[in-house]
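# Geometric and topological summary
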Amino acid sequence: MTKLHALIFDVDGTLAETERDAHRGAFNDTFAEYRLNWYWSEELYGELLAITGGKERIKFYLDRYLPDYPRPDNIDQFVAELHKNKTARYNQMLVKNPIPLRPGIRRLLEEARREGIRLAIATTTSLENVTSLLEYSLAPHSTHWFDVIAAGDMVQAKKPASDIYHHALNELKLDANQCIAFEDSYNGLCAAKGAQLCTIITVNDYTRHENFKSAQLVLNHLGEPDLPFTVLAGDASGASYIDIAWLQQLVL
Ligand code: XBP
Ligand code: MG
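It should be emphasised that the depicted structure is a prediction, and the values quoted were computed from it without experimental measurement.

Calculation rules
- Residues numbered from 1 in each chain as written.
- Chains lettered and ligands numbered in written order.
- Predicted model: local features only at pLDDT ≥ 70, side-chain atom pairs only at ≥ 80, totals over all residues.
- Heavy atoms only, no water.
- Axes fitted to C-alpha atoms, helices over the stretch in contact; angles between N-to-C directions.
- Helix = DSSP H or I, 4+ residues; strand = E, 2+ residues; numbered from the N terminus.
- Parallel < 35°, antiparallel > 145°, perpendicular 65-115°, else oblique.
- Contact = heavy atoms within 4.5 Å.
- Donors = N, O, S within 2.8 Å, 3.2 Å for Na, K, Ca; no water.
- Near = heavy atom within 4 Å.
- Polar contact = N/O pair within 3.5 Å; in protein donor to acceptor, adjacent residues only side chain to side chain.
- Nonpolar A, V, L, I, M, F, W, Y, C, P; charged D, E, K, R; others polar.
- Domains from an automatic or database assignment.
- Expected span 1.5 Å × (residues − 1).
- Buried < 20%, exposed > 50% of the residue type's maximum accessible area, 1.4 Å probe, protein only.
- Arc of directions from axis to C-beta.
- Buried area = accessible area lost by both parts, 1.4 Å probe.
- Salt bridge = Lys/Arg side-chain N within 4 Å of Asp/Glu carboxyl O.
- Pairing = 2+ DSSP bridges.

## A closer look at the packing of helix H4 (residues 75–96) against helix H6 (residues 127–138)
Where H4 meets H6, the closest approach of the two axes is 9 Å, and the angle between their N-to-C directions is 5 degrees. When the axes of H4 and H6 are compared, the pair comes out roughly parallel. Of the residues in H6, those in contact with Lys 86, Thr 87, Tyr 90, Asn 91, Leu 94 and Val 95 of H4 are Glu 128, Asn 129, Ser 132, Leu 133 and Tyr 136.

Next up, the structure:
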């Protein structure tokens, strides 16, 4: 019998709604500081989210939307500088105005810890950003709740490649069938499924129309005892919120 050993969480869009206001706002503030005539509207940002990773997203934006923009000689260095500035701004935002965790996240993390289920993170964003989110939105020193934080440039290829999930599984020293992944996007689902992980999706405004056919379950959020989730696809077998007992039966 396989037993559930660990839960692996995506960060942006899954732990908290960080994209529309915080990441996007930080990118735009950086562009303004550098007097670049670039502005990412909510709608445009939805398109740009198809490219994971902030540096990769900026380069894609230039290629797709500003092909005539005169590029500095060392474009990679320029993009890295912009991204460093954006990361500092994003971290300041998380300290000043902590972003609430999505429904069910805190409850599930706390229950997992009580039950001896290990926790891990597999994200495209940087370790610095994850640390701030956990520190200010979950609890002080809560990075220690996680045995593994697999983040950003620790792997060569970002989601939808599976590298970050393979890295997390390697560090956990677990097989995919002993773990469950939580994601919010098609790119994230591709990454988790490519590593053979059973995956639960909680959609948000940017991702609700994406293709989640290979997910175990698609929900609007993880639910709370007094805030039932809505099932968008899959079979929740009568549950109204995700807890450890419910997750255990997925890996039997
Ligand atoms: C989401 C992403 C990230 C963020 C920006 O990552 O694609 O690129 O939008 O973060 P995930 P950075 O859902 O895997 O957590 O600017 O730090 O790359
Ligand atoms: Mg995500």
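From this point, things continue past the structure.
## A closer look at the coordination of the magnesium ion (ligand 2)
Every protein donor of the magnesium ion (ligand 2) is accounted for by Asp 10 (OD), Asp 12 (O) and Asp 184 (OD), and the metal-donor separations fall at 2.2 Å. Each donor residue of the magnesium ion (ligand 2) lies on one chain, and together they are spaced D-x1-D-x171-D. Of this pair, Asp 12 sits in the loop between strand E1 (6–9) and helix H1 (19–33) while Asp 184 sits in the loop between strand E4 (179–183) and helix H8 (186–194), and the two are 172 residues apart along the sequence.

## Describing the site of ligand 1
The environment of ligand 1 is made up of 19 residues, and the closest members are Gly 54, Arg 57, Lys 86, Thr 123 and Thr 125. Here an oxygen atom of ligand 1 sits 2.8 Å away from a polar atom, N or O, in the main chain of Gly 53. Here an oxygen atom of ligand 1 sits 2.6 Å away from a polar atom, N or O, in the side chain of Thr 125. Those elements giving two or more residues to the shell around ligand 1 turn out to be H1, helix H3 (54–65) and H4. Looking at which element gives the most residues to the shell around ligand 1, the answer is H1, with three residues. When grouped by side-chain class, the residues that make up the shell around ligand 1 number three nonpolar, 10 polar and six charged. Each of domain 1 (6–17 + 100–250) and domain 2 (19–96) accounts for three or more of the residues forming the shell around ligand 1.

## Section: H3
The end-to-end C-alpha distance of H3 is 16 Å, a good match for the 16 Å that 12 residues give at a rise of 1.5 Å each. Looking at H3, one finds that the buried residues are Gly 54, Arg 57, Ile 58, Tyr 61 and Leu 62. The arc enclosing the buried residues of H3, seen along the axis, measures out at 135 degrees, which places them on a common side. Where H3 is buried, its residues touch H1, helix H2 (42–48) and H4.

## A word on the domain arrangement of the chain
Taken domain by domain, the chain holds domain 1 (6–17 + 100–250) and domain 2 (19–96). On the side of domain 2, 19 residues touch domain 1, which itself brings 15 residues to the contact. Of the roughly 1400 Å² buried between domain 1 and domain 2, counting both surfaces, carbon and sulfur atoms make up 49%. Joining domain 1 to domain 2, the criterion identifies two salt bridges. Ranked by the residues each element gives to the side of domain 1 that touches domain 2, the list is headed by H6, at five residues. Class assignment for the residues of the side of domain 1 that touches domain 2 results in three nonpolar, six polar and six charged.

## Here we look at the pairing of strand E5 (residues 198–202)
Of all five residues in E5, five are buried, a share of seventy percent or more. Residues Cys 198, Ile 200 and Thr 202 point to one face of E5 and Thr 199 and Ile 201 to the other, with burial holding for every one of them. The pairing of E4 with E5 spans four bridges and is classified as parallel. Paired with Glu 183 across the strands is Ile 201, a residue of E5. As paired elements, E5 and strand E6 (residues 217–219) share three bridges and run parallel to each other. Each bridged residue has a counterpart across the sheet, and for Ile 200 the counterpart in E6 is Leu 217.

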